[in-house]
Each structure stands twice: as C-alpha cells, then as structure tokens.
Amino acid sequence: MSDGQMQNEKPPALQNLPVGIDARGKRCEFDSMGDVQVAADRYWGAQTERSLHHFSIGHDKMPKEVYHAYGTVKKACALVNAAEGRLAGWKADAIVRAADETIAGKLDEHYPLYVWQTGSGTQSNMNVNEVISNRSIQLLGGALGSQKPVAPNDDVNMGQSSNDTFPTAMHIATITEIDGCLLPRVETLAKAIEDKAADWMDVVKIGRTHLEDAVPLSVGQEWSGYAAQLRACIAEIEHSRGGLLELAVGGTAVGTGLNAPAGFSVKVAAKVAELTGKPFVTAPNKFMAQGSLDAMVRASAALRGLAVALMKIANDMRWLASGPRCGLGELLLPENEPGSSIMPGKVNPTQCEAIVMIAIQVIGDDTAVAFAGSQGNFELNAMRPIIINNFLHSARILGDGCEKFRTFSVEGTKLNEKRIGQYAADSVMLVTALSPVIGYEKSAHIAQKAMKDDSTLKIAALASGDVDEATYDRVMDPKGMVGHGLAGA
C-alpha cells in the first residue's frame, strides 16, 4: 500500500460492543503471553493487569505527570507517523484524541501502576499504549480488548520502545514541573525576601558567627544574603534544564534507532517542542540518553541545592524569632494557628518547621536519585521509576513549600526593633572597631573586663585608660560599622 493509499484509507465498519463481558464484569484482554481478565470499565489491557498483579507494592503510584507527558509523546509520534504515511490518518486522529485526554488528565483513573515495577518503565509505557489503543477503538466504534483497528504495539507504539520513550516522558514531565510550578514559586519567594531586605537595610543588628556575638550588620544585609542564596539556586535549576531538553525518543531499544524510520527522532522532538512550547531537541547521543540518566541526576542535585538554602533561611528565621521572651526574639513571625494543646497562648514557627522537613525529605530523595543514577548497566539505566518519582515529589513539595512559606511566614514577618537595638548596644564585639585605634590586645582586654564585670563596653574602655570618651564615641557607632551597600565596605 502506498503512502497516499494509507493516508486515504477509511476506518472499517465496526460495532461499539464490548468483547465477552462475563458475570464478574470482566472482559478478556490478550498479549503475547496469552489471555488476561480485566475489569470491563477499565481501558487498560493485559500487560497493565499483569503489572498490577505482580507489582502491587506499597502505596506509591507512578506520578500522573509521567502519564500526562507520555500523552504528549504518543501524540507527537502519531502525528509524525501519519504525516509520513506510516499510520492511517483516521487512526492517528483517534490516537491524538485519546492522547489529548491523557494529557488533560481525563484518563487518570486508567493509569494505576506502581512506582516499583520494571526499571525501564516498560509497564507504564504499555499502560499508555493499551489505554490509548482501547480509547481510540471506542472512539472509532470498535470493541474494547479487540486491539482492532488500533493496536497498542503496532500503532500507538509505532517506531518506539519503552527504552527511549520513558526517559522522554521523564524529561517532559520534569521540565513541565520545573517551569510550571517550582521556578515561579521560588522566584516569588526570592522577590518577597528582597523586598524585606530593602525595607530593613538601615536597621542595624548584631551579627552572629559560631552562634556567638559578632560585629554588626543590618537586617537588610542579612536578608539580602537569603535572597542571593535563592537567586543562585534559581540559576542552577535553570542551568540544569539544558540536559532535560534533549529527548531520547528515536533511539528505540539500545540507541541505534532500530525500527524507527530515518529522521524520526528529530521530527518527533520538533513536534514535542511544538506541542509543549518548550525548546526540546533530539538527544545528540542516544546511547548516553538511554544508558544513563545523568540529566535527571543533575536536575535533582539542583533541587538539593535549593533545599539546603531553604533550610538555612528557615532555620535562621525560627531561631531569630525564638521566644517570645526567653529567646532571641528579633523577628515576629505571623501567628497562624495555636501551637500547643496544653500550653495556652503558645505559637510556633510552623512554616519554618515545614520547610526544614521538606528540605530533609528532598535531600533524602536526591540521595536515592544519585544512587539510582549510578546504576546504568551497558545500554540501559533500569532505575527510572524511582528517579522520576523522587524528582517530581521533591519539585512539588519544594514549590508548594515555597508558596506557603512566602504567604504565611515571610510576607508577614516583622521586626522587634527594640530587642534588636538592645542586642546591638550590649554586644562587647563592638570593640572590634577599636582594634585599629588601640590595637588588638588592648581591645581584647577591654572586652574581657566588660564581660567579667558585667559592665558596659564603654565603662570598661574608659576605665582602661587606653581610649578617651571622644574617641570612643566617634569610633563606636554601630551604623558606621555595617559598611556601604549590600556587600559591605
């Protein structure tokens, strides 16, 4: 049959009747190993049912974002195959409709598989193939389970392998999550912290190093450090996107492209780019794209970097807000909910605690991703499900956490300027400014005497005879110690 004949072929006359539904509400599906009974109201087929039987492990289901991304892969492949005459236009139309329903989440209940399955993702690929096949058959008026006129392997999976389409779906799902949820929420959190830094740039406080008093800085300078941390994390996440934009599809089983038509990889990647609005391209080396998951490992490491920064920020905030009367008490965090079932009036830094727990979880997720990423053997890394599950989990809780942290903690945080001023005035580490005037040793002795006598630094300094009051007042100005601009003097 010529390409033109294939394009103009009409769908066969079909009856929209189920195949052999038994008294238990089951229908017969089949694969290369034989017949399998499947619930009649489910679109999946034999291979999905086998996976449910053999891999019902825990409660961890393959993220629906993977299936939505897989819908894009199947749609792109169908459109390319139809355009080149390998797939009848009417078949492609039905596959595209079913794929669109998958992308939109309308068929989510038909994608039930567990994370803990074959490491290549073959069962999830076949789940998609079977669901799109049966839904296409239904749209064409055929019988579910017949695999006619749209077959899961020969039509939906045409020119493809699980080995090249699953990492492709992983990359699409990852980019979608990064761009649609994570980065916008980190960006708005960074902006909120920058706004606080600008508002508080002239409020002088005492610095702390080693958990001990240090020289002064401004609250704004301190918070500018938090914002800069997040900006660096954003840049690193954006940098990691580069490898994720390279798609393995077209490499088929081992990267050689066997059974994929010439030019298929380039055309499908271009079609995915068109469908998603993202600059996806074909991976220049399919052996790397399928034998490793290095791009996912690097992206996960960028999430870990964000988690580390967020933990530092949240921990600082909850320590600086500790009290209200017996802690540091420099920050006043929003009071969102009662903090104790036994202590009336207690309020806790719960948003900060949530961020710390999220960070701990993300660091754990990334440890598993890194280990799984090291397990590529020859032409395939067969640890894909755990990697995509952990990445999407980390990205989602980081994005959601940043949004809640900004809304319910950062934006409503206020300063206890009275407490901040007291600490700045009482710190003996202000003596550091005297060191260039009278020397390090004499300055140290003044600080030691002030602490021993529980006196003010000024009393100890004047008592030493090493500095007069006019010099002391000129030099010991906390505002003059914080430098000029964000980087200090």
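Residues numbered from 1 in each chain as written. Predicted model: local features only at pLDDT ≥ 70, side-chain atom pairs only at ≥ 80, totals over all residues. Heavy atoms only, no water.

Q: Before we move on, can you summarise the pairing of strand S2 (residues 34-39) with the specific residues and values?
A: Here six bridges tie strand S1 (residues 26-31) to S2, and the two strands are oriented antiparallel to one another. Across the sheet, residue Cys-28 finds its bridge partner in S2, namely Gln-37. (Pairing = 2+ DSSP bridges. Helix = DSSP H or I, 4+ residues; strand = E, 2+ residues; numbered from the N terminus.)

Q: Could you give an account of empty space enclosed by the protein, with specific residues and numbers?
A: Take a probe with the size of a water molecule and roll it over the atoms, and the empty space left behind shows itself. Following the criterion strictly, the structure yields two cavities of 30 Å³ or more and no others. Its volume calculated, the largest cavity comes out at about 70 Å³. When contributions to the lining of the largest cavity are tallied by element, the ones reaching two or more residues are helix H12 (350-373) and helix H13 (384-410). Residue contributions to the lining of the largest cavity peak at three residues, all from H12. For the lining of the largest cavity, the class distribution of residues is six nonpolar, five polar and one charged. Each pocket or cavity is described by its volume, and for the second largest cavity that value is around 50 Å³. (1 Å grid on protein atoms, 1.4 Å probe; cavity = no way out; pocket = protein on both sides within 12 Å on 5 of 7 lines; lining within 4 Å. Points joined across faces, edges and corners; volume = space filled by probe spheres on them. Nonpolar A, V, L, I, M, F, W, Y, C, P; charged D, E, K, R; others polar.)

Q: An account of the packing of helix H8 (residues 219-244) against helix H11 (residues 294-320) is requested, with residue identities and associated values reported.
A: Relative orientation of the contacting elements H8 and H11 amounts to 170°, with a least axis distance of 8 Å. Taken together, the axis directions place H8 and H11 in an arrangement best described as roughly antiparallel. H11 is crossed by H8, and the crossing has left-handed handedness. By residue class, the composition of the contact of H8 with H11 is 17 nonpolar, four polar and five charged. (Axes fitted to C-alpha atoms, helices over the stretch in contact; angles between N-to-C directions. Parallel < 35°, antiparallel > 145°, perpendicular 65-115°, else oblique. Left-handed = near helix turned anticlockwise from the far one by under 90°.)

Q: Can you break down the packing of helix H2 (residues 46-54) against helix H5 (residues 122-139) residue by residue, with the values?
A: At their nearest, the axes of H2 and H5 sit 8 Å apart, and the two run at 140° to each other. Between H2 and H5, the angle falls in the class oblique. In this structure, H2 meets H5 at a crossing whose hand is left-handed. Only Gln-123, Met-126, Asn-127 and Glu-130 of H5 make contact with H2, whose side of the interface consists of Ala-46, Gln-47, Thr-48 and Ser-51. Among the residues making up the contact of H2 with H5, the classes are represented as two nonpolar, five polar and one charged. (Contact = heavy atoms within 4.5 Å.)

Q: Explain the pairing of strand S3 (residues 204-209) to me, using residue names and the numbers behind them.
A: Relative to strand S4 (residues 212-218), S3 is paired through five bridges, and the arrangement is antiparallel. Paired with Ile-206 across the two strands is Pro-216, which belongs to S4. Taken together, S3 and the strand that follows it, S4, pair antiparallel across an intervening segment of two residues, in which His-210 is found at a positive phi of about 60°.

Q: Please give an account of the nonpolar core that cites residues and values.
A: Counting residues in each nonpolar core, the largest one holds 107 residues, and the members touching the most others are Ile-193, Trp-223, Leu-306, Met-317, Leu-398 and Phe-405. No other element matches the 15 residues that helix H7 (residues 162-199) contributes to this core. Once you skip the residues sitting within four places of it in the chain, Trp-223 turns out to touch Ile-193, Lys-196, Ala-197, Trp-200, Met-317, Leu-331, Val-410 and Thr-413. Core analysis: the second largest hydrophobic core is formed by 16 residues, Leu-434, Ala-450, Val-467 and Tyr-472 among them. (Core = buried A, V, L, I, M, F, W, Y, C linked by side-chain atoms within 4.5 Å. Buried < 20%, exposed > 50% of the residue type's maximum accessible area, 1.4 Å probe, protein only.)

Q: With reference to specific residues and values, describe helix H17 (residues 457-464).
A: Within H17, the full set of buried residues consists of Leu-457, Ala-460 and Ala-461. Buried residues of H17 fall within an arc of 100° about the axis and therefore sit on the same side. Away from its buried face, by an angle of more than 90 degrees, H17 presents the exposed residues Ile-459 and Ala-463. Tucked into the core, H17 has its buried residues touching helix H16 (440-453) and helix H18 (469-475). Just downstream of H17, Gly-465 is the residue with a positive phi angle, here 80°. (Arc of directions from axis to C-beta.)

Q: Can you break down unusual backbone geometry residue by residue, with the values?
A: Here the residue pair Lys-148 and Pro-149 is connected by a cis peptide bond, since its omega of 5° sits within 30 degrees of zero. Note that Pro-149 resides in the loop between H5 and helix H6 (152-156). Here the residue pair Gly-323 and Pro-324 is connected by a cis peptide bond, since its omega of 10° sits within 30 degrees of zero. Position of Pro-324 relative to the elements: it lies in the loop between H11 and strand S7 (331-332). A positive phi angle, close to 60°, is found at Gln-147, a residue other than glycine.

Q: Before we move on, can you summarise the pattern of salt bridges with the specific residues and values?
A: Across all of its chains, the model carries 29 salt bridges by this definition. The partner of Glu-222 in a salt bridge is Lys-205, and the shortest N-O contact between them spans 2.9 Å. Of this pair, Glu-222 sits in helix H8 while Lys-205 is found in strand S3, placing the two residues 17 residues apart along the sequence. With its nearest N and O atoms 2.8 Å apart, the salt bridge here joins Asp-453 to Lys-449. In this pair, Asp-453 and Lys-449 both sit in helix H16, four residues apart, roughly one turn of the helix. Classification of Lys-449 by relative accessible area gives partly exposed; the value is 38%. (Salt bridge = Lys/Arg side-chain N within 4 Å of Asp/Glu carboxyl O.)

Q: Explain the environment of Leu-462 to me, using residue names and the numbers behind them.
A: If you trace the backbone, Leu-462 turns up in helix H17. Separated by ten residues in sequence, Leu-462 and Tyr-472 have C-alpha atoms that sit 8.2 Å apart.

Q: Any details on the packing of aromatic side chains? Residues and values, ideally.
A: The final tally for this structure, using the stated rule, is four aromatic pairs. For the ring pair Tyr-67 and Tyr-111, a centre distance of 4.6 Å and an interplane angle of 15° mean the geometry is stacked. Here the residue Tyr-67 occupies a position in helix H3 (residues 64-83), and Tyr-111 occupies one in the loop between helix H4 (89-103) and H5, the gap between them amounting to 44 residues. Under the relative-accessibility criterion, Tyr-111 is labelled buried at 1%. Look at Trp-200 and Trp-223: their rings are 5.1 Å apart centre to centre, the planes differ by 90°, and that puts the pair in the edge-to-face class. Of this pair, Trp-200 sits in the loop between H7 and S3 while Trp-223 sits in helix H8; the two residues are 23 residues apart in sequence, bridging distant segments of the chain. On the accessibility criterion, Trp-200 (10% relative accessible area) is buried. Directly above the aromatic system of Tyr-114 lies the positively charged group of Lys-61, at a separation of 4.8 Å from the ring centroid. A cation sits over an aromatic face here: Arg-208 above Tyr-423, 5.5 Å from the ring centre. (Phe/Tyr/Trp six-rings, centres within 6.5 Å; stacked < 30°, edge-to-face > 60°. Lys NZ or Arg CZ within 6 Å of the ring centre and 35° of its normal.)

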